[in-house]
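Structural overview for review
One letter stands for each residue in the lines below.
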Amino acid sequence: MKNTVKKLLAMLLALCMVVGMLAGCTGSTTPTDAPKTDDTKAGTEDTNSGEEEKQFTVAMLGVDFTSGLGLQLKKTLGYTADALGIKLMLVEMGQDQEAGVTATENAITAGANLILTGEPNYGIIEACDKAGVIFGICCNYYDDPNMLKRAMESPYFYGQIAEEDYNTMTDAMQTLYDSGSRKIAWISNPQGVSTTHDIRVKAIEDFVAAHSDMEVVASYRGLSEYTETLQQFMAVHPEIDGLTGSLGGEYFASALEGAGLAGTGKVKFAAFDLTDGSAMKNGDQVWMSTGQPNSFALAMILGYNLWLGKDILGEANAKDQVFQRPYLPIHGYEEYENYMELCEGDVPFYDADQVRALCVKFNPDVSFEDFKALESTYNIPSLVEYRNSKSN
Amino acid sequence: MKNKKLNTAILNTVKTLILPVCVYGLFVVLTGGRFGKWNTMKVILGQSVQPMVAALGLSVILTLGMWDFSAGAVIYGAAIFGGNLQAITGTGLPGMVLFCILIAVVMSGFTGWLFNRLKVPSMVVTMGMCLFYECLPRVIFPQVRISGSLTTLCHTPWCFIVFAIMFAIYYIAYSYTPFGHNLEAIGSNKVIARNTGLNIPKMKQLCFLFEGLFLGVSAVLYLSQNGTIYSATTLASMGPMFNAMMGVWVANVLKRYCNFTVGCCVGAFTMKMVTSGLIAVGFSTPVRDIFTGFFLLILLSYSANQGRIEKFRADRRIAAEANAAYAREMAEAANSNG
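Residues numbered from 1 in each chain as written. Chains lettered and ligands numbered in written order. Predicted model: local features only at pLDDT ≥ 70, side-chain atom pairs only at ≥ 80, totals over all residues. Heavy atoms only, no water.

Quick notes on the overall build of chain A
Of regular secondary structure, chain A possesses 18 helices and 13 strands. Counting across all 392 residues of chain A, residues that qualify as buried make up 57%. For chain A, the share of sequence-separated contacts (at least 6 apart) that also reach a separation of at least 24 residues comes to 71%. About 15700 Å² of surface is accessible on chain A, with carbon and sulfur atoms providing 51% of the total. (Helix = DSSP H or I, 4+ residues; strand = E, 2+ residues; numbered from the N terminus. Buried < 20%, exposed > 50% of the residue type's maximum accessible area, 1.4 Å probe, protein only. Contact = heavy atoms within 4.5 Å. Areas by Shrake-Rupley, 256 points an atom, 1.4 Å probe, with all protein chains shown as cover.)

This is how it looks when you write it as structure tokens:
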């Protein structure tokens, strides 16, 4: 009896471990979570109009869909998929790079026709090419020429689309500089973990090198304990008047709060990703950026177009290059309020009309120029103007 | 007699404080006095409270000769669940503290129960539970964000009050209760402890529950310090436990000179000072990591070879005494012959 209980418990523990590990690979479809706006409903109706569209499934591979950015991705992609009348599958794979190939294979087995990922990986390319599944890379690019060559050989490769990190980080630094910060500290991920973060760090270093009156007092590259490290920086170097980095703003806001400097105006910060805006309201945060989910939405449209026979980037001979887009920068609290009102409700930055205008199913004349044209209006003032014109 | 006791106490205090004082002095010199100012030390002290409390909890498990890799995941889980439950129930700070402690005790207690039933090495059970506890919040509450008013406990003087309470609980339990004596007995020699009639599985279960209490308080402090916590993945929860683990190792080295509780706190504080000191010197992250790694290596080597070092010293002392005795005898023999 005792042995049976032991065996049962051993099996339970093994099950716990397996569930724990597989939790990173759970797939869930967003349509049920997708915002139910009029636009969304229109998209859903289209879904039911044809058998072929019903079967097209996009699998988004992400680190997780629980953090701020992950949740934004879930919402934006859910909306875009509904607008196009296709299915979305979210696949969490954690920080483990090895998990990308397994997650891709699992998604293909589950019926994915398009893999959306930010991970440059031979395994993913091979798996997609072999299975006849559309793939590409988003918010990143193939920096290995051989990998790019291999991707280019596949007829299922839609291309590379990424945000312009260097100029965006420079914009953040300029905003910080304009706000009066001269002695700064920055934090980032460890070198080599992400090209995106490495480019941002390079931009910080270049900006400081170009401004003789600005100085980096301390820096940190790690995977955790950001808030604590920032507090240590400020304790050890009381002269610090600016904080920045390649990471999200919540770490900076918490650090200032913990150091008792929130709202004092002594230390300003410029950081990526959308936060709750309180630090921007009290003047601590001078810059933030968002918009990565919109790039994934465009990648989804590019991939779907390729599936429908329209190779947008291929026709423009732009597949071997990176289709670079700006981030959506937010300068100040007024822009933040506009963003929250117009993009964080039911409809993301690109509404259903804009999404469909880029899809060959709804607009047979769509071209790369239409995608490029989006760049000039990719800012908060243009969004306000567009939405106002629609409501009128 | 009284004087001898006083001298021993003073000597032991000096020996206990040698490590942190040396670390402090080294960084004051290296930074030209920039490190070590009261404001800096206040922040370091404040930040040390969370790993100190975690170190106290972890120490009971390590004293028994076991490992607990799930401690970090328990802190993450308790913080995320506790923070969200207080928001749902609207119970504010008291609710947050209560829920965090309750959840941590339940989690740790469950790990202890599994360990006792499965009879597999603690490393295996706790590694499995680490993955499980890391993933659990992602299924229910993926993240937690608390308002500024709930972060009070990580600010001075509250963090020190919390620390004083936890220190007192641990000190009394470790030094003045059968629990502490049994713990030390099992830690010193499990076979003898079993033969004297101690119920080891029961003690282990108690230790995990006791650890849960401290991890729960540590979770409250961790949540207060960070404001926002995302659920950890792929063993990422083990990183923040590094300082706590180091605290226990240092305590193992220092326990001959001071109470184990004090040793844990000195250890965790010293580790925080090392981290901050390296920042103040201006080293880049890789260099800081290398230094921290070496520091850990030196401490562990010293801790592991303490017996050999003592034996070497004792051998030398005995040899010196024997040589002196021999020399005396020879001298006496020479005198008598003369």
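Regarding the sheet that holds strand β10 (residues 268-272) of chain A
Residues and elements named next belong to chain A. Reading across the sheet, the six strands line up as β8-β7-β9-β10-β11-β13 and stay open at both edges, with mixed pairing between neighbours. The open sheet has two free edges, formed respectively by β8 (215-221) and β13 (328-330), since each of these has just one partner strand. Strand after strand, the sheet turns through a mean of 15 degrees between neighbouring axes, direction not considered. Inspection of the sheet shows β10 paired to strand β11 (residues 285-290) by two bridges, in the parallel sense. Across the sheet, Phe269 pairs through a bridge with Gln285, a residue of β11. The strands that helix α15 (residues 333-343) touches are β11 and β13; relative to β13, the one it contacts most, it runs at about 130 degrees. (Pairing = 2+ DSSP bridges. Axes fitted to C-alpha atoms, helices over the stretch in contact; angles between N-to-C directions.)

Considerations on helix α13 (residues 292-307) of chain A
Turn by turn, an α-helix covers 3.6 residues, leaving residues three or four places apart pointing in a common direction. For α13 of chain A, built from 16 residues, the straight-helix expectation of 22 Å at 1.5 Å per residue is met to within 8% by its first-to-last C-alpha distance of 23 Å. Positioned one or two residues after α13 of chain A, Gly309 of chain A has a phi angle of 100 degrees, which is positive. (Expected span 1.5 Å × (residues − 1).)

A few points about the interface of chain B and chain A
Many descriptions give the size of an interface as the accessible area lost when the pieces come together. If you look at the interface, chain B gives 38 residues, while chain A gives 39 residues. When chain B packs against chain A, close to 3400 Å² is buried across both sides, 60% of that on carbon and sulfur atoms. Connecting chain B to chain A are one salt bridge. Lys272 of chain B is the partner of Glu228 of chain A in a salt bridge, and the nearest nitrogen-oxygen pair spans 2.1 Å. Joining chain B to chain A, the criterion identifies nine residue pairs in polar contact (both at pLDDT 80 or more). Among the elements of the structure, α2 (38-63), α4 (92-118), α5 (122-140), β1 (143-145), α9 (200-226), β2 (228-230), α11 (260-281) and α12 (285-304) of chain B are those that each provide at least two residues to the side of chain B that touches chain A. Examining the composition of the side of chain B that touches chain A, we find that seven residues originate from one element, α5 of chain B, more than from any other. (Buried area = accessible area lost by both parts, 1.4 Å probe. Salt bridge = Lys/Arg side-chain N within 4 Å of Asp/Glu carboxyl O. Polar contact = N/O pair within 3.5 Å; in protein donor to acceptor, adjacent residues only side chain to side chain.)

Topic: unusual backbone geometry
Put simply, Thr156 of chain B and Pro157 of chain B share a cis peptide bond, and its omega is 0 degrees. Here Pro157 of chain B is to be found in the loop between β1 and α6 (158-176). Within the chain, Asn317 of chain A stands out as a residue other than glycine whose phi angle is a positive 50 degrees. Tracing the backbone shows Asn317 of chain A in the loop between α14 (312-315) and β12 (322-325). Even without being glycine, Lys119 of chain B reaches a positive phi, approximately 55 degrees. Looking at the secondary structure, you find Lys119 of chain B in the loop between α4 and α5. We classify Lys119 of chain B as exposed; its relative accessible area is 56%.

What about helix α8 (residues 165-178) of chain A?
Residues and elements named next belong to chain A. The first and last C-alpha atoms of α8 sit 20 Å apart over 14 residues, in line with the 20 Å expected at 1.5 Å per residue. Within the span of α8, buried status applies to Asp165, Thr168, Met169, Ala172, Met173, Thr175, Leu176 and Tyr177. Buried-residue contacts for α8 involve β6 (157-163), β7 (183-188), α9 (195-210), β9 (242-248), β10 and β11. For α8, the capping residue at the N-terminal end is Glu164, with a side-chain oxygen 3.4 Å from the backbone nitrogen of Tyr166. At the C-terminal side of α8, Gly180 shows a positive phi close to 105 degrees.

Notes on the environment of Leu342 of chain A
Residue and element names in this part refer to chain A. Structurally, the position occupied by Leu342 is in helix α15. Taking the C-alpha atoms as reference points, Leu342 and Asp213, 129 residues apart in sequence, are found 39 Å from one another. Apart from residues no more than four positions distant in its own chain, Leu342 is found in contact with Val347, Pro348, Leu383, Val384 and Arg387.

Considerations on the pattern of salt bridges
All names here are of chain A. By the definition in use, this model includes 15 salt bridges over all chains. Between Glu215 and Lys183 there is a salt bridge, with the nearest N and O atoms lying 2.8 Å from each other. Residue Glu215 is found in strand β8, and its partner Lys183 is found in strand β7; the two are separated by 32 residues along the sequence. Owing to a relative accessible area of 38%, Glu215 belongs among the partly exposed residues under this scheme.

Here's the deal with the packing of helix α3 (residues 71-89) of chain B against α9 of chain B
Residues and elements named next belong to chain B. The contact between α3 and α9 brings their axes to 8 Å, and the two run at 60 degrees. Here α3 lies oblique to α9, going by the angle between them. Between α3 and α9 lies a crossing of right-handed hand. Within the contact between the two elements, α3 uses Ala71, Val74, Ile75, Tyr76, Ala78, Ala79 and Gly83 and α9 uses Glu211, Leu215, Ser218, Ala219, Tyr222 and Leu223. In the contact of α3 with α9, the residues fall into 10 nonpolar, two polar and one charged. (Parallel < 35°, antiparallel > 145°, perpendicular 65-115°, else oblique. Left-handed = near helix turned anticlockwise from the far one by under 90°. Nonpolar A, V, L, I, M, F, W, Y, C, P; charged D, E, K, R; others polar.)

Overview of the environment of Ile186 of chain B
Residue and element names in this part refer to chain B. As for its placement among the helices and strands, Ile186 is situated in helix α7 (residues 178-188). Sequence-wise, Ile186 and Gly65 are 121 residues apart; in three dimensions their C-alpha atoms are separated by 8.7 Å. Other than its neighbours up to four places away in sequence, Ile186 contacts Leu64, Ala193, Leu198, Ile200 and Met203.

Section: the packing of aromatic side chains
Residues and elements named next belong to chain B. One pass over the structure, following the stated rule, counts 34 aromatic pairs over all chains. Seen in terms of ring centroids, Phe163 and Phe167 are 5.8 Å apart; in terms of plane orientation they differ by 50 degrees. Their pairing is tilted. Taken together, the residues span about one helical turn, with Phe163 and Phe167 both in helix α6 at a distance of four residues. Given a relative accessible area of 17%, Phe163 falls into the buried group. (Phe/Tyr/Trp six-rings, centres within 6.5 Å; stacked < 30°, edge-to-face > 60°.)

Re the confidence of the model for chain A
The predicted model of chain A averages 84 in pLDDT, with 84% of residues at 70 or higher. When the criterion is pLDDT under 50, residues 22-53 of chain A qualifies, and its contacts beyond four places in sequence or with other chains add up to 61 contacts. (pLDDT = per-residue confidence, 0-100.)

Some remarks on the state of the cysteines
All names here are of chain B. Tallied over the full model, the rule gives zero disulfides over all chains. Cys265 provides the cysteine sulfur closest to Cys264, a residue in no disulfide bond, and the two sulfurs are 6.4 Å apart. For Cys265, a relative accessible area of 7% translates into the label buried. (Disulfide = S-S within 2.5 Å.)

Some remarks on a nonpolar patch on the surface
A contiguous nonpolar patch, built from Leu6, Ile10, Val14 and Ile18 of chain B and spanning about 350 Å² of accessible area, is present on the exposed surface. Tracing the backbone shows Leu6 of chain B in helix α1 (residues 2-30). (Patch = residues over 30% accessible without salt bridge, like charges linked within 9 Å, V, L, I, M, F, W, Y side chains within 5 Å.)

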